[in-house]
Amino acid sequence: MAERLGVAIVGVGGAVATTAIAGIEMIKAGSNSLAGLPLAGRDIAGMASYRDLEFGGWDLADDTLGNLALRHGVIGEKELADGAAVLNDMRPWKAAGSTGYCANIDGGNKLTGGHRAAIAQIQGDLDRFRRDKGLDRVVVVNLASTERVPGADDPALQSRDAFERGLDSDDAAISPAMLYAYAAIDAGTPYANFTPSVAADIAPLAAFATERNVPVAGKDGKTGQTFMKTVIAPALRDRALHVDGWFSTNILGNSDGLALDDPKSLASKLGTKGSVLDQILGYPVEDHIIMIHYYRPRGDDKEAWDNIDLTGFLGQKMQLKLNFLCKDSILAAPLAIEIARCLDLAHQRGEGGVQEQLGLFFKLPQTRGGAPEHAVPEQQLILDRWLDRRDA
């Protein structure tokens, strides 16, 4: 009998989450193909099947996932009637949230009480999810809105002991994203951070994951513009075309864009997008400019535009222009699904702590201490070697 994997999502009412759930439910119903799922063509021993995934999760919005999905506009009545009708019967669990960390996103479906109470509730939700769905294993994936960056010198974030004391005192330095990461690790549940928010990448939680031998990975899903950047930059490097400047701009109008309309959340996002070029090229790109604009009419239809200035043989100047008209959630949802399956596989293999081999999926891959690899060809090779291991 196939083993069932539960995917508990932070931000389950968002566009990415509802798109992922709808897509898997339609696969189960036979009304969706496996197109767009990067690992669909691979026969990987021990990896959970798409058809054996079950979903639940937390969100500040108090409505059915079907209504929330219609509001986001990625899927519609056709999909809800064509295999994804289960969304109409699903409601989010009460979520941890803070407008101090995410100014533009709030809702009434919010946990009350302090940090320890929130952790206990999150872990209770995971236990109930496992029991009610008859699950063999569970993973947690954070798909919530981007939080602001906490203070780097906040005492509660410096050590495990300090973090525990911060939990006891409801220290404001500990964000909702950190509460979910702590709750998952403490419960022995793999955790992935698909957002730019600071979570399991702070030293106390990374150490906690290693201590408990719980797989963690992150952060910030690499879906559109940064994905293309980390595909193109290695090719320019290998052809010895010098990048003099790289100007990137984005417009998007979904809830992710609304969250990023807050300057503090935007700073968190720009931090994960801006680090890739220098590592790939091997030299600093002085004029690397990144801009993100909330533009409501676009909804989930994001536009990413890049201008690249190059110098080639004989010092001749050239330009490369790229205009990527993409659907944010259609790119992100399959990655979130594959990350969940890979984290579960790592857990079955007994591999805890930071899972560096999953760096392909993230803008700022979490590492065990070294510099992250950003180039897609190298990242793909690392993941392939791990997936194909037969001695695990």
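Our subject is the structure that appears above.
Residues numbered from 1 in each chain as written. Predicted model: local features only at pLDDT ≥ 70, side-chain atom pairs only at ≥ 80, totals over all residues. Heavy atoms only, no water.

**Looking at the overall build of the chain**
Looking only at helices and strands, the chain has 13 helices and 10 strands in total. In terms of C-alpha radius of gyration, the chain reaches 20 Å, essentially the compact-globule figure of 21 Å for 392 residues. Projected onto its principal axes, the C-alpha positions of the chain cover 65 × 50 × 50 Å. Here the chain, with 392 residues, has 54% of them falling under the buried criterion. Partitioning the contacts of the chain with sequence separation of at least 6, the portion at a separation of at least 24 is 76%. Surface exposure of the chain reaches about 16,200 Å², of which carbon and sulfur atoms provide 51%. (Helix = DSSP H or I, 4+ residues; strand = E, 2+ residues; numbered from the N terminus. Rg over C-alpha atoms; globule rule 2.2 N^0.38 Å. Buried < 20%, exposed > 50% of the residue type's maximum accessible area, 1.4 Å probe, protein only. Contact = heavy atoms within 4.5 Å. Areas by Shrake-Rupley, 256 points an atom, 1.4 Å probe, with all protein chains shown as cover.)

**Concerning helix H12 (residues 328–348)**
In this model H12 runs 31 Å from its N-terminal to its C-terminal C-alpha over 21 residues, within 8% of the 30 Å that 1.5 Å per residue would give. Of all 21 residues in H12, 17 are buried, a share of seventy percent or more. Gly350 sits one or two positions beyond H12 and adopts a positive phi of about 80°. (Expected span 1.5 Å × (residues − 1).)

**Here's the deal with the packing of aromatic side chains**
For the structure shown, the criterion picks out 6 aromatic pairs. Each ring, one from Trp58 and one from Trp93, has its centre 5.0 Å from the other, and the planes form 85°; the classification is edge-to-face. Of this pair, Trp58 sits in strand E2 (residues 53–58) while Trp93 sits in the loop between helix H3 (77–81) and helix H4 (115–133), and the two are 35 residues apart along the sequence. Each member of the pair Trp58 and Trp93 is classed as buried. Through a chain of ring-to-ring contacts, the aromatic side chains of Trp58, Trp93, Phe129 and Tyr180 assemble into a single cluster. The ring of Tyr101 has Arg148 sitting right over it, with the charged end atom 4.1 Å from the ring centre. (Phe/Tyr/Trp six-rings, centres within 6.5 Å; stacked < 30°, edge-to-face > 60°. Lys NZ or Arg CZ within 6 Å of the ring centre and 35° of its normal.)

**Focus: the sheet that holds strand E5 (residues 215–218)**
Pairing within the open sheet is parallel, and its 6 strands lie in the order E2-E1-E3-E4-E5-E10. Of all the strands in the sheet, just E2 and strand E10 (353–354) have a single pairing partner and so form its edges. In this sheet, E5 lies alongside strand E4 (residues 191–193) in parallel orientation, the contact comprising 3 bridges. Within E5, the residue paired with Tyr191 across the bridge is Val216. (Pairing = 2+ DSSP bridges.)

**Topic: the side chain of Gln357**
One can find Gln357 in the loop between E10 and helix H13 (376–387). Only 2.9 Å separates the side chain of Gln357 from the side chain of Gln355, close enough to count as a polar contact. (Polar contact = N/O pair within 3.5 Å; in protein donor to acceptor, adjacent residues only side chain to side chain.)

**Observations concerning the packing of helix H5 (residues 160–168) against helix H6 (residues 176–186)**
For the pair H5 and H6, interaxial distance at closest approach is 13 Å and the crossing angle is 110°. Looking at the two axes, H5 sits roughly perpendicular to H6. Seen from above, H5 lies across H6 with left-handed handedness. On the side of H5, the interface is formed by Phe163, Glu164 and Leu167, while H6 contributes Met178, Leu179 and Tyr182. When the residues that make up the contact of H5 with H6 are grouped by side-chain class, the tally is 5 nonpolar, no polar and 1 charged. (Axes fitted to C-alpha atoms, helices over the stretch in contact; angles between N-to-C directions. Parallel < 35°, antiparallel > 145°, perpendicular 65-115°, else oblique. Left-handed = near helix turned anticlockwise from the far one by under 90°. Nonpolar A, V, L, I, M, F, W, Y, C, P; charged D, E, K, R; others polar.)

**Some details on the sheet that holds strand E6 (residues 242–252)**
Ordered in space as E7-E6-E8-E9, the 4 strands form an open sheet in which the pairing is mixed. Because the sheet does not close on itself, it has two edges, and the strands there are strand E7 (287–294) and strand E9 (317–327). Sheet twist, expressed as the average angle between the axes of neighbouring strands with direction ignored, equals 10°. Relative to E9, strand E8 (residues 301–311) runs antiparallel, the two sharing 11 bridges. In the sheet register, Ala304 faces E9, and the bridge partner there is Phe324. Contacting E6, E7, E8 and E9, helix H8 (residues 225–238) runs over the sheet at an angle of about 165° to E6. H12 rests against E6, E8 and E9 of the sheet, and its axis sits at about 80° to E9.

**A word on the nonpolar core**
In a soluble, globular protein the nonpolar side chains are often hidden away together inside. Counting residues in each nonpolar core, the largest one holds 53 residues, and the members touching the most others are Leu87, Leu358 and Leu387. The set of elements that each furnish at least two residues to this core consists of strand E1 (5–10), helix H1 (15–29), E2, helix H2 (65–72), strand E3 (137–142), H12 and H13. No other element matches H12, which puts 11 residues into this core. (Core = buried A, V, L, I, M, F, W, Y, C linked by side-chain atoms within 4.5 Å.)

**Points about the packing of H1 against H12**
Where H1 contacts H12, the axes come no closer than 8 Å and their chain directions differ by 70°. It follows from the interaxial angle that H1 and H12 lie roughly perpendicular. The two elements H1 and H12 meet at a crossing, and its hand is right-handed. Where H1 approaches H12, its residues Ala15, Val16, Thr19, Ala20 and Ile24 are matched on the opposing element by Ser329, Ile330, Ala332, Ala333 and Ile337.

Everything listed here is a matter of coordinates, which is why it stays silent on function.
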